Amino acid sequence: MRNPFAEEVAKGLSAKQKYISSKYFYDDEGSRLFQKIMELPEYYPTRAEMEILTQQPTEIAAALRFRGSFNIIELGAGDGLKTKELLRFLVQQQADFTYIPIDISEEAMVHLRAGLASALPNLKVNPLVGDYFEVLEKPDIEHIPNLFLFLGGNIGNYEKGETLDLLHMLWERMNSGDRLLTGFDLRKNPDLIKKAYDDSQGVTRAFNLNLLHRMNRELGAEFRPETFDFYSYYNPYTGEVRSMLVSKTAQTVYIKELDQAFDFQENELIRTELSKKYTLDEIELLARESGFVSEQHFLDSNRYFTDSLWLKP
Ligand code: AVJ
């Protein structure tokens, strides 16, 4: 079979409403652009979550109510920069735990391990490389309490049904008494949200257009990125930011890897990303719908973002 990216592109560009999943944003160039997004004045979520994890580790640690040893299992750990603040606090408290970061990028895990070895030499770290659910399939997760971390607001990228599927898969892999701390971006002034996803420097635009460059690089596609626009909008009634690419002209684009040509009408869309904003009530409803008990929300001082703690009963 072809590579999964090629498969998904074939499917997404043949659909009645064209789409490419936002998970394909993150090749090397896309990851670099996302780093730039996180530094933008308009992009508030990273700073908001950083504030939560640096200012409220005492409260978060107390809420875990784990006695004895436990694991902290982080899904999509990446550079682990935000998590480091919580880990630092727990090490200082002499909590007995092992940090198990999971990420699809081996390079990220090598970096994270090295960074933690120098910053927190007493921390026990056991990084795992792979898809979270495949990695969690393996039974070597001990039967001591586990705190699962799903930070950064990545949950916002899933459609409702996919969100429930993901939470269900996690629930199945958790033991009774385990906890899950998830980052949710909250609803707030609509204009603030809109600007965070359509910044004045055009970094988010480049982040979206990188999908076309990536298809050119990896699939031998012949996209001319200058013939596409980036468009995004926030719907404050649903809490959804939706981003897309717009073909400026009628055109046909050949993709060598698929040996297939795709037609675009003038102004035809390619859906790229959903970034859902939540209310606290919606988060609590989502917990109930997926079999968890919502225990506590940890919000930043602006009330922009929450890391919400759920228990598997
Ligand atoms: C990494 C998924 C949390 O949805 O806010 C940033 C990605 N997209 N700007 C988000 C993103 C456009 C980001 N997440």
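Residues numbered from 1 in each chain as written. Predicted model: local features only at pLDDT ≥ 70, side-chain atom pairs only at ≥ 80, totals over all residues. Heavy atoms only, no water.

Peer 1: I'd like a rundown of the overall build of the chain, residues and numbers included.
Peer 2: Scanning the chain for helices and strands turns up eleven helices and 14 strands. Against the compact-globule benchmark of 20 Å for 313 residues, the chain has a radius of gyration of 20 Å, which places it among compact chains. Contacts in the chain between residues at least 24 apart in sequence constitute 71% of all its contacts with a sequence separation of at least 6. For the chain, the accessible area works out to roughly 15,100 Å², and carbon and sulfur atoms hold 49% of it. (Helix = DSSP H or I, 4+ residues; strand = E, 2+ residues; numbered from the N terminus. Rg over C-alpha atoms; globule rule 2.2 N^0.38 Å. Contact = heavy atoms within 4.5 Å. Areas by Shrake-Rupley, 256 points an atom, 1.4 Å probe, with all protein chains shown as cover.)

Peer 1: Outline unusual backbone geometry, listing residues and values.
Peer 2: In this structure, Asn 267 is a non-glycine residue whose phi angle is positive, near 70°. You can see Asn 267 is positioned in the loop between β11 (260–264) and β12 (269–276). The backbone phi angle of Arg 303 is positive, close to 60°, even though this residue is not glycine. Within the secondary structure, Arg 303 is located in the loop between β13 (293–299) and β14 (305–311).

Peer 1: Please provide a residue-by-residue account of the packing of helix α3 (residues 45–55) against helix α5 (residues 81–92), values included.
Peer 2: Geometrically, a packed helix pair is captured by the angle between its two axes and the distance between the axes. Running from amino to carboxyl end, α3 crosses α5 at an angle of 10°, the nearest separation of the two axes being 8 Å. Compared by their axis directions, α3 and α5 come out roughly parallel. On α5, the residues that touch Thr 46, Glu 49, Met 50, Leu 53 and Thr 54 of α3 are Leu 81, Lys 82, Thr 83, Glu 85 and Leu 86. Across the contact of α3 with α5, the residue classes break down as four nonpolar, three polar and three charged. (Axes fitted to C-alpha atoms, helices over the stretch in contact; angles between N-to-C directions. Parallel < 35°, antiparallel > 145°, perpendicular 65-115°, else oblique. Nonpolar A, V, L, I, M, F, W, Y, C, P; charged D, E, K, R; others polar.)

Peer 1: An account of the nonpolar core is requested, with residue identities and associated values reported.
Peer 2: Ranked by internal contacts, the top residues of the largest apolar core, which has 36 residues, are Leu 13, Met 215, Phe 223 and Ile 255. Every element with two or more residues in this core is listed here: α1 (4–14), α2 (28–38), α9 (190–196), α10 (203–219), β8 (228–235), β9 (240–247), β10 (251–255) and β11. It is α10 that provides the largest number of residues to this core, a total of seven residues. If we ignore the near neighbours within four places in the chain, the residues touching Met 215 are Phe 5, Val 9, Leu 13, Ile 20, Gly 220, Ala 221 and Phe 223. Among the nonpolar cores identified, the runner-up in size contains 29 residues, and Ile 72, Ala 108, Leu 120 and Phe 305 belong to it. (Core = buried A, V, L, I, M, F, W, Y, C linked by side-chain atoms within 4.5 Å. Buried < 20%, exposed > 50% of the residue type's maximum accessible area, 1.4 Å probe, protein only.)

Peer 1: An account of the environment of Ile 104 is needed here, citing residue identities and associated values.
Peer 2: Inspection of the secondary structure assignment puts Ile 104 in the loop between β3 (97–103) and α6 (106–119). Along the backbone, Ile 104 and Pro 313 are 209 residues apart, and their C-alpha atoms lie at a distance of 29 Å. When sequence neighbours within four positions are dropped, the list of residues in contact with Ile 104 reads Val 129, Gly 130 and Asp 131.

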